[in-house]
Amino acid sequence: MKAVQLIAHGAPGQLQYGDVPDPVPGPDEAVVRVRACGLNRLDLWFEEGNLPIPLPLPRIPGCEISGEILALGKNVANWREGERVAVQSNLFCGHCEFCARGEESLCLNGELLGIQRNGGFAERVAVPASALVRLPGKVDFATAAALTLAGSTAMHMLTCRAQVRPGDWVLAIGGTSGVGSAAIQIARQLGARVISTGSTEAKRRFAAGLGARHVVDTSQADWPAEVRKITQKRGVDLVVEHVGGEVLGQCFTCLARGGTIVTCGATSGREVPLKLWPFFVKEQKLVGSYGRNRKDIIAILDWAAEGKIKPVIHKVYPLSGTGEACAALRQRAVMGKAVIEP
Ligand SMILES: [Zn+2]
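Residues numbered from 1 in each chain as written. Predicted model: local features only at pLDDT ≥ 70, side-chain atom pairs only at ≥ 80, totals over all residues. Heavy atoms only, no water.

Peer 1: I'd like to hear about the environment of Gly 211, residue by residue, with values.
Peer 2: Along the polypeptide, Gly 211 turns up in the loop between α6 (201-209) and β12 (214-217). Gly 211 gets classed as buried once you look at its relative accessible area, which sits at 13%. Gly 211 sits 18 residues away from Arg 193 along the chain, and the two C-alpha atoms are 9.2 Å apart. In this view, Gly 211 contacts Ile 184 and Arg 188; residues no more than four positions away in its chain are not counted. (Helix = DSSP H or I, 4+ residues; strand = E, 2+ residues; numbered from the N terminus. Buried < 20%, exposed > 50% of the residue type's maximum accessible area, 1.4 Å probe, protein only. Contact = heavy atoms within 4.5 Å.)

Peer 1: Give a description of unusual backbone geometry that names residues and reports values.
Peer 2: For the bond from Ala 11 to Pro 12, the omega torsion is 5°, close enough to zero to count as cis. Of the consecutive residues Leu 57 and Pro 58, the connecting peptide bond is found in the cis state with omega at 0°. Mapped onto the secondary structure, Pro 58 falls in the loop between α1 (41-48) and β4 (64-72). One non-glycine residue, Lys 233, lies in positive phi territory at about 70°. With respect to the helices, strands and loops of the structure, Lys 233 is situated in the loop between α7 (223-230) and β13 (236-241).

Peer 1: Go over the coordination of the zinc ion with me, naming the residues and quoting the values.
Peer 2: Note on the zinc ion: its protein donors are Cys 93 (SG), Cys 96 (SG), Cys 99 (SG) and Cys 107 (SG). The metal-donor distances range over 2.3 to 2.4 Å. Geometry at the zinc ion is tetrahedral, judged from the four donor atoms that bind it and their angles of 102 to 119° at the metal. One chain supplies every donor to the zinc ion, and in sequence these donors are spaced C-x2-C-x2-C-x7-C. Judged by its relative accessible area of 7%, Cys 96 falls in the buried class. (Donors = N, O, S within 2.8 Å, 3.2 Å for Na, K, Ca; no water. Tetrahedral: all angles 85-135°; square planar, octahedral: opposite > 155°, others 65-115°.)

Peer 1: Please give an account of the pairing of strand β1 (residues 2-8) that cites residues and values.
Peer 2: Across six bridges, the pairing between β1 and strand β2 (residues 14-19) is antiparallel. Bridge pairing links Gln 5 to Gln 16 in β2. (Pairing = 2+ DSSP bridges.)

Peer 1: Pulling in residues and values, what's your account of the pattern of salt bridges?
Peer 2: For the coordinates displayed, the defined rule picks out 19 salt bridges. One salt bridge connects Glu 83 with Arg 134, and the closest N-O pair in it is separated by 2.7 Å. Here Glu 83, found in the loop between β4 and β5 (84-87), pairs with Arg 134, found in strand β9 (residues 132-134); they are 51 residues apart in sequence, far enough to count as distant. On the basis of relative accessible area, Glu 83 is assigned to the buried category, the value being 9%. When the shortest N-O distance is used, the salt bridge between Arg 234 and Asp 237 registers 2.6 Å. A single network of salt bridges, built from pairs that share partners, joins Arg 165, Asp 168, Arg 234 and Asp 237. (Salt bridge = Lys/Arg side-chain N within 4 Å of Asp/Glu carboxyl O.)

This is the structure in C-alpha cells:
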C-alpha cells in the first residue's frame, strides 16, 4: 500500500511517501481502508520529536481516521467488513480502573494512534477493534476525519471536564483551530454567549461565521481588557484554552469570579506562572483535559448527523501532499481542518 512515513524528526521532519507492506489484523484488531485522516497539532509535535514519550522511527503518523472495515481479526465480533467507521485515537486497555468507569482519557496503559503505532496517513491501518466507532449514515468521511479527534476533544472539554449553563459567557481561544472552531459551535448549542480570538481580520471573520458573538484581536497586547469590556468587567464563566504559555496567564484576566479555565494543550509554552492570590480569592478553577472518551466521539458524530456541528474543512490534500499540509499547519495558514484523503 501507499503510505507516508516519518523517517527523521525536525521542523519540518522528513516525511517519505512510498510503498510499505499491507497491515495484517491481529486477533483483536481490524484493518480499516482509510478514506480520510485529519491533521492535528499533535502531528506536528510528533514530527518535531517534541513529545515527552519515546518516539521510535520510522512511523506512519495520522491520528484522526475514518474509513471502511476491510478485514477483521479472529476474535472480533460485532463488526462486519464494509462498515463505515471512525477510529478513537487515544487507544485504551479496557481493563484498568479508569477504563472500567468509562474514562479512557485516563487509561493507565493508553497509546496514541499515529504516534506509538502506525496511523492513518496510509491507504490502510490496523487498529484495535475496541477503538472503532460506527459512523452515522449522514456523516461523510471528511467530516468524520475533521471531528473525531479535534471535535471530540472540544466535546470532552465542554461537557465532561467543564459544564456550560445557558447564558454563560464562554471564551474559546483560537477560533480557527480544530478545537477552537468546534468549541465555538458546541458552546453555542449549549446556549452560551461565545467570545473567540483571532490574530488577523480573516481569522476573526471565520470565528464570527461559526457563531462567536464577539471576536477579539489577539494582535493587540491588551486583548484581555477587550474581553472584560464586552462582559461589562465581569469576565467569562469558562475559557476553552489549548495554547498555554503567556496566553493561559492572560486567560485568568478574562475570567469571572467562580469561573473555570479548561485547557488541553500547550502549543506556545508548557510552563506558566500562576498568581495564586486572585486565583483562590475568586474561587476559580483550572482544569486539565486530555483526549476524550468514547462517549465524546459518539456525541460529536451524532451532533454532526443532526446538523448541530459542522467542521470547516480548510483543504483536502492527497496522501502525497501530507508534507505540504503539515507545512501549512505549521505556518498557521490553516483555518479549520486540513484533511488527507488517501
Ligand atoms: Zn485502561
